[in-house]
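If you want the building blocks of each chain, they are given just below.
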Amino acid sequence: MKGEPYESPDSDSPADLLAFYNEKRSAKTDINAAWMHLQDFLSEKGYDFEEIGVSEAAEYGQYLREVGLKPNTYIAYYSSMRTFTEWFCQRGVFDYNPFSIAKEEELDFQRNETVKRQVDLSELQDAIKSTRKPQRLLLITLLLKTGLRLSEAHNLDLRDVH
């Protein structure tokens, strides 16, 4: 619940942690399903939970995609395992969170693979002149004058404007 201090189970076993989450967490379905998928993955590959490294965490992410999960489900399951493993890091079972590192490496790879399109000035001027909707013109102006990325502009909130 919001505002309540963080609680944790007394034991360090995955089963006790899952039982604790079932009592306290509203997203218990995600963590249970994610744990089941992780167990299937570990069994299929012959890995032990305590031996998971960055490459195994990345493989688990790929495994979730290959079993046909929808993108939002894959993200929720992977995120649940990242949170789950973070708890074990705090208990000293892991020295680092392999799920967090694997996710960052995947994001870095995706960022490096992004193709940037060069737009010349005349093409940009034509796009501005042909824009009939004031919201689009405002967005184009905002992007050009501030240097914001489209995703950054999309996430702007009135509290961000001074």
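Before reading on, note that the structure itself is shown above.
Residues numbered from 1 in each chain as written. Predicted model: local features only at pLDDT ≥ 70, side-chain atom pairs only at ≥ 80, totals over all residues. Heavy atoms only, no water.

**Comments concerning the packing of aromatic side chains**
Piece 1. Applying the stated rule across the entire model yields 14 aromatic pairs.
Piece 2. Between Phe 84 and Phe 88, the aromatic rings sit 5.3 Å apart at their centres with planes inclined by 70°, giving edge-to-face as the arrangement. Here Phe 88 and Phe 84 lie together in helix α4 (residues 71-90), a separation of four residues that amounts to about one turn. This pair shows no difference in class: Phe 84 is buried, exactly as Phe 88 is.
Piece 3. Put simply, the rings of Phe 41, Tyr 47, Tyr 60, Tyr 63, Tyr 74, Tyr 78 and Phe 99 pair up and form one aromatic cluster. (Phe/Tyr/Trp six-rings, centres within 6.5 Å; stacked < 30°, edge-to-face > 60°. Helix = DSSP H or I, 4+ residues; strand = E, 2+ residues; numbered from the N terminus. Buried < 20%, exposed > 50% of the residue type's maximum accessible area, 1.4 Å probe, protein only.)

**Concerning a nonpolar patch on the surface**
Piece 1. A surface patch of nonpolar side chains, about 230 Å² in accessible area, is lined by Ile 128, Leu 137 and Leu 144.
Piece 2. Taking relative accessible area as the criterion, Ile 128 reaches 30% and is therefore assigned partly exposed. (Patch = residues over 30% accessible without salt bridge, like charges linked within 9 Å, V, L, I, M, F, W, Y side chains within 5 Å. Areas by Shrake-Rupley, 256 points an atom, 1.4 Å probe, with all protein chains shown as cover. Salt bridge = Lys/Arg side-chain N within 4 Å of Asp/Glu carboxyl O.)

**Some remarks on the environment of Thr 146**
Piece 1. Locating Thr 146 in the fold gives a position in helix α7 (residues 134-146).
Piece 2. Of note is the side chain of Thr 146, whose polar atom sits 2.5 Å from the backbone oxygen of Leu 142.
Piece 3. A distance of 3.2 Å separates a polar atom in the side chain of Thr 146 from the backbone nitrogen of Leu 148. (Polar contact = N/O pair within 3.5 Å; in protein donor to acceptor, adjacent residues only side chain to side chain.)

**Section: the side chain of Glu 56**
Piece 1. Checked against the element boundaries, Glu 56 lands in helix α3 (residues 54-66).
Piece 2. Lys 45 is the oppositely charged side chain nearest to the buried, salt-bridge-free Glu 56, at an N-O distance of 10 Å.
Piece 3. Reaching out from Glu 56, the side chain makes a polar contact with the backbone nitrogen of Gly 53 at a distance of 2.8 Å.
Piece 4. With near-sequence residues (within four places) excluded, Glu 56 lies in contact with Phe 41, Tyr 47 and Glu 51. (Lys, Arg positive; Asp, Glu negative; His and termini not counted. Contact = heavy atoms within 4.5 Å.)

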